[in-house]
Amino acid sequence: MVDEAALASYRDNGYLLVKGLIGKDEAATYRQESHDLIGRLNRDWDPTWGSAKELTMGAATELKHCHDVQFYSAAFARLITDPRFTDVAAAIMGTPNVQLHHTKMFVKPPEKGSPFPMHQDHPFFPHTKDSVGAAIFHFDDAPVEKGCVRVVPGSHKNGALQHETEGSYHLPFSEWPLENSVPCEAEAGDVLFFSYHTVHGSGTNTTDEARTTLLVQYRDPEDEPIGDSHSQSLGQGMMLRGIDPSSRALGDR
Ligand SMILES: O=C(O)CCC(=O)C(=O)O
């Protein structure tokens, strides 16, 4: 569980790195699960944003990923309902109820793991009450050189910002350079929480080791999506903690 000082820091900065939320041995097991899954999928589609080339001076980079991992391995279903995680998400939102929006596992391959331009998650899936948050589980260490996630502290207080749309939603590079953000270096087992209004991105993995993470987007079940963008994610609406007080019929989501 997080204490009041940590919650105050989250409210102030828009992010919170929770050290050792899961153990290093557990993280190593999930790392193996992730890499095994990527191997089984054997996909050649690369989700690197078109706009990422602006950060690599045109050099090609690579990203491996899987959405909705809990539909491929029960280990991930256990992780996203683990109270060590859901208790923090609940405390951050100030509600006992935590609902799944979607999950997304990323492996940034060695030497050329793709960066992410600075952006908010808000334009991808806006909601009426702005409760939506991300939790990034680190399954291996993520120093700056591995392209750790970077944030702009306090940027969530600006609310929704205008994004450019070419090559995925991103903020103008001149106003929001990656270098001006704060690197959130993490160790295996750490989890980074941030609001969908927090401006964030990440650098290129230039090391000889992969960076392996699982991003879980969650929300208050009483927070309604605006429009139906991103509503196709499998398992969206699953309760991770507590109940859905709205008790909307499943087909109405
Ligand atoms: O994993 C990362 O480096 C950043 C991912 C991200 O920002 C996103 O998927 O919105």
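Quick caveat, the model's predicted, so the values are computed rather than measured.

Student: Hey, could you run me through the sheet that holds strand β6 (residues 149-151) in this one?
Tutor: By definition, the strands of a sheet pair up through backbone hydrogen bonds, in either a parallel or an antiparallel sense. Pairing within the open sheet is antiparallel, and its four strands lie in the order β4-β9-β6-β7. The open sheet has two edge strands with one neighbour each: β4 (116-119) and β7 (182-183). Sheet topology places β4 next to strand β9 (residues 200-202); two bridges connect them, and they run antiparallel. Of the residues in β9, the one forming a bridge with Phe 116 is Ser 202.

Student: Sorry, what's going on with the side chain of Arg 150 here?
Tutor: Looking at the element boundaries, Arg 150 is found in strand β6. Buried and without a salt bridge, Arg 150 has Glu 179 as its closest oppositely charged side chain, separated by 6.9 Å. Of the polar contacts made by the side chain of Arg 150, one reaches the side chain of Ser 181; its length is 2.9 Å.

Student: Would you mind going over a negative patch on the surface with me for this structure?
Tutor: On the surface, a cluster of negative charge is made up of Glu 54, Glu 164, Glu 166 and Glu 175. Within the fold, Glu 175 resides in the loop between β6 and β7.

Student: I keep staring at the pattern of salt bridges and nothing clicks. Help me out?
Tutor: One side chain can pair with another of opposite charge once the charged atoms of both are near each other. Enumeration over the complete set of coordinates arrives at 12 salt bridges. Here Glu 62 and Lys 112 are joined by a salt bridge, their closest N and O atoms 3.3 Å apart. Taken together, the positions of Glu 62 in the loop between α2 (24-41) and β2 (64-67) and Lys 112 in the loop between β3 (98-108) and β4 put the pair 50 residues apart, joining distant regions of the chain. The shortest N-O distance in the salt bridge between Lys 146 and Glu 209 comes to 2.9 Å. Residue Lys 146 is found in the loop between β5 (133-138) and β6, and its partner Glu 209 is found in the loop between β9 and β10 (211-219); the two are separated by 63 residues along the sequence. Look at Glu 209 and you get partly exposed, because its relative accessible area is 41%.

Conventions used here
- All residue numbers here refer to positions counted from 1 along the written sequence of the relevant chain.
- Reporting in this predicted model follows two pLDDT cut-offs: at least 70 for local features of residues, and 80 or more for side-chain atom pairs to be given and counted; totals over whole chains, interfaces and linings ignore these cut-offs and use all residues.
- Side-chain descriptors were evaluated using all non-hydrogen atoms of the structure, hydrogens and water having been removed beforehand.
- Note: two strands are recorded as paired if DSSP finds a minimum of 2 bridges between them.
- Secondary structure elements follow DSSP: runs of H or I no shorter than four residues count as helices, runs of E no shorter than two count as strands, and numbering proceeds from the N terminus.
- Here's how the labels work: a residue is buried when its accessible area is under 20% of the maximum for its type, exposed when over 50%, partly exposed in between, all with a 1.4 Å probe on protein chains only.
- The charge count includes Lys and Arg as positive and Asp and Glu as negative, but it does not include His or the ends of the chains.
- Put simply, a salt bridge is a Lys or Arg side-chain nitrogen that is within 4 Å of an Asp or Glu carboxyl oxygen.
- Within 3.5 Å is the distance limit for a polar contact, defined as a pair of N or O atoms, with the added protein rule that one can donate a hydrogen and the other accept it, and that residues adjacent in sequence qualify only through two side-chain atoms.
- Residues qualify for a patch when their relative accessible area is over 30% and they have no salt bridge, like charges being joined within 9 Å and the nonpolar side chains of Val, Leu, Ile, Met, Phe, Trp and Tyr within 5 Å.
- Here, Shrake-Rupley sampling with a 1.4 Å probe gives the accessible areas, and only protein chains in the shown set may cover a residue.
- Charge coordinates come from a single atom per side chain, which is NZ of Lys, CZ of Arg, CG of Asp or CD of Glu.

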